[in-house]
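An overview of the molecular structure
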Amino acid sequence: MRRAVAVRLSALLAAGALTAATGVALSTTTASAAAAGGATGYATQNGGTTGGAGGQTVRATTGTAIHQALCGRADSSTPITIQVEGTINHGNTTKVSGSSCNTAADKIELKQISNVTIVGVGNGAVFDQLGIHIREASNIVIQNVTVRNVKKSGSPTSNGGDAIGMESDVRNVWVDHVTLEASGGESEGYDGLFDMKDNTQYVTLSYSVLRNSGRGGLIGSSESDRSNGYVTFHHNLYENIDSRAPLLRGGIAHMYNNHYKRLNDSGINSRAGARAKVDNNYFEDSKDVLGTFYTDEAGYWQVGGNVFDNVTWSSRSGDHNPAGPNPTSNTSVSIPYGFTLDGANCVPNVVAQTAGAGKGLKVSDGSCTPQNPDPTDPGEPTDPGPTDPPAGTNLSLGAGADGSSKASGTSYGNVVDGNTSTYWSPSGSTGSVSVKWGSATTVSKVNVRLASGSGTIGAYRLLNHDTGAVLATGSGSGTVAFSPVSLKKITLEITNASGTPRIAEFETYAS
């Protein structure tokens, strides 16, 4: 990759110094625990992504300690949350052996394991010139960390030059509130910031910053590597990236509410039969931000609600086929999960306040308003309604039910059977359960009843599953009211809990 990336970087660093000197900066807070909210996007599918929820929590200040925590588990799937603080580098990262791990000295190796959360705490976690490698693994959460300057050539090298790299039968990974950055392109020794290949599926990258790199990331290592996909990118900042934002070969990806700034050569590169759904993003000061590039094997896109601010488009010729000017859809993509879109015009502001490590794990509520989740005090429902159970007909009786992965011995149908001694529980501490009807039904009130021995619901969202709109948020159980809405399916999404919730009844009422 051209050395122009390094030149542009120096200009950005100078601008950053000016910001520091003038004191013009957003105030941030440091996360002390994992986010109150749960996974989003495609990471919620295929049974969901909960990482180490429900397992032991340990502290690590070195890479060796991270490996020791993995190797000290009872087996390779025992849930664990590893809280990381400090700088992790080659000098403090060694290989550790054990029956529950398969580690290496030159990277953080999450190989042949499952059910792991790595989260930055305290004064923050920085992986300096040391990449995170996920291989033959599932149910992984990485949150609130910075990974910087990982090289594939020069010294030291790590993880093939990828900040975070996934390969070989990887499933269900949620990467959230991270900062991934390089100091140039391939000629300076760097590769991708966020790469997926060789059968990697059900991944979400949310509220993260990717900057100063020749390559943002890829999905599929070659035109024949089409086994990857079902990837969501939302509320991320891509800044000063030459290309691959991302590169998508085969598969499906959903990009919404991202801020793309200074994409210098090309942006979202959908090729080799890939399909990208591109919703309400803000593209700024960039070139050829969407299309099929560097191949004659076409990809496809569905676009809507995007803003193109000072975006230039080159002419189509040969293997260079930009989607614009005035991009239009050439396919349709069905999204299986609920989501709420911020308006594209407010995306730069929302992303600036929420994306990256050290932002207090702030998220957007879908109304252009950042929220600051607090795992110990998630707040009251947006419209708490009466505290007593509602009168009238429980519309859930006789309705259908489904949801995310359930705990052994429980059933979705138990939440609509009118029997408070039976219940549904998620497979971990978080998950979702839905009530559904064959035709549109008007609902304005919900009552959640817990069974005996239930854990406590720390935070939840009620979703109109048809549209992804958030009807209400809150904590605990009981009744919540909202404006009447006609829908075929309503979802209770538990995003934080103490213990394992037991939902005895998910009652719905018209009034």
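Structural notes, computed from the coordinates. (Residues numbered from 1 in each chain as written. Predicted model: local features only at pLDDT ≥ 70, side-chain atom pairs only at ≥ 80, totals over all residues. Heavy atoms only, no water.)

1. Here we look at the nonpolar core
So the rule is basically this: For our purposes a nonpolar core is just a set of buried Ala, Val, Leu, Ile, Met, Phe, Trp, Tyr and Cys residues, chained together by side-chain atoms within 4.5 Å. Partly exposed describes any residue whose relative accessible area lies between the buried limit of under 20% and the exposed limit of over 50%, with all areas from a 1.4 Å probe on protein chains only and scaled to the type maximum. Starting at the N terminus, helices and strands are each numbered in turn, a helix being any DSSP run of H or I of at least four residues and a strand any DSSP run of E of at least two. Residue contacts follow a heavy-atom distance rule, with two residues in contact if any of their heavy atoms lie within 4.5 Å.
Membership of the largest hydrophobic core comes to 67 residues, with the highest contact counts inside it found for Ile82, Phe127, Ile134, Phe194 and Phe233. In terms of residue count, helix α2 (residues 63-71) provides more of this core than any other element does, five residues in total. Setting aside its immediate chain neighbours within four residues, Phe194 contacts Ile164, Met166, Val175, Leu180, Val203, Leu205, Leu210, Gly216, Gly217, Leu218 and Phe233. Membership of the second largest hydrophobic core comes to 27 residues, among which are Ala399, Val416, Val480 and Leu492.

2. Topic: the pairing of strand β23 (residues 290-293)
Put simply, the test is: Strands were regarded as paired on the criterion that DSSP finds at least two bridges between them.
Because side chains alternate across β23, one face comprises the buried residues Leu290 and Thr292, and the other comprises Gly291 and Phe293, equally buried. Judged from the two bridges that link them, strand β20 (residues 268-271) and β23 form a sheet pairing that is parallel. Along β23, the bridge assignment pairs Ile268 with Leu290. Here β23 runs beside strand β26 (residues 320-322); their pairing, made up of three bridges, is antiparallel. If you follow Gly291 over to β26, its bridge partner there is Pro322.

3. Looking at unusual backbone geometry
For the peptide bond that leads from Ser155 to Pro156, omega is -10°, which places it in the cis range. Among the structural elements, Pro156 can be located in the loop between β7 (146-148) and β8 (164-167). In this model, Gly324 is joined to Pro325 through a cis peptide bond whose omega is 10°. In this fold, Pro325 is placed in the loop between β26 and α3 (347-354). Backbone geometry at Asn212 places phi at a positive 60°, although glycine is not the residue there.

4. A look at the environment of Glu297
By the secondary structure assignment, Glu297 is in the loop between β23 and β24 (300-304). Note on Glu297: relative accessible area 30%, which makes it partly exposed. Through-space distance from the C-alpha of Glu297 to that of Gly273 is 7.1 Å; in sequence the pair is 24 residues apart. Aside from chain neighbours lying at most four places away, what touches Glu297 is Glu223, Arg226, Arg271, Ala272 and Thr292.

5. Digging into the packing of aromatic side chains
Keep this limit in mind: Pairing of aromatic rings covers Phe, Tyr and Trp, the last counted by its six-membered ring, and requires centre-to-centre distances within 6.5 Å; plane angles under 30 degrees mean stacked, over 60 mean edge-to-face, and any other angle means tilted.
By the definition in use, this model includes ten aromatic pairs. Judged by centre distance (5.0 Å) and plane angle (80°), the rings of Tyr42 and Tyr337 are edge-to-face. Here Tyr42, found in the loop between α1 (4-22) and β1 (56-60), pairs with Tyr337, found in the loop between β26 and α3; they are 295 residues apart in sequence, far enough to count as distant. Exposure remark for Tyr42: the relative accessible area of 2% places this residue in the buried category. Given a relative accessible area of 6%, Tyr337 falls into the buried group. Consider the rings of Tyr337 and Phe339, whose centres lie 6.0 Å apart with planes at 65°: the pair is edge-to-face. Phe339 matches Tyr337 in its accessibility class, with the two residues each being buried. Each residue in the set Tyr42, Tyr202, Tyr230, Tyr256, Tyr337 and Phe339 is aromatic and connected to the rest through ring pairs, giving one cluster.

6. Details of the pattern of salt bridges
Note the following rule: What makes a salt bridge here is a side-chain nitrogen of Lys or Arg within 4 Å of a carboxyl oxygen of Asp or Glu, nothing more.
Counted according to the given criterion, the structure contains 19 salt bridges. Residues Glu239 and Arg211 are paired through a salt bridge, measuring 3.9 Å at the closest nitrogen-oxygen approach. Of the two residues, Glu239 is situated in strand β16 (residues 237-243) and Arg211 in strand β13 (residues 209-215); the sequence distance between them amounts to 28 residues. Glu239 sits in the buried class, given a relative accessible area of 13%. Note that Glu507 and Arg449 form a salt bridge whose closest N and O atoms lie 2.6 Å from each other. Taken as a pair, Glu507 in strand β34 (residues 503-509) and Arg449 in strand β30 (residues 431-450) lie far apart in primary sequence, 58 residues in all. With relative accessibility at 30%, the residue Arg449 sits in the partly exposed group. The network of salt bridges with common partners includes Lys152, Glu186, Asp191 and Arg215.

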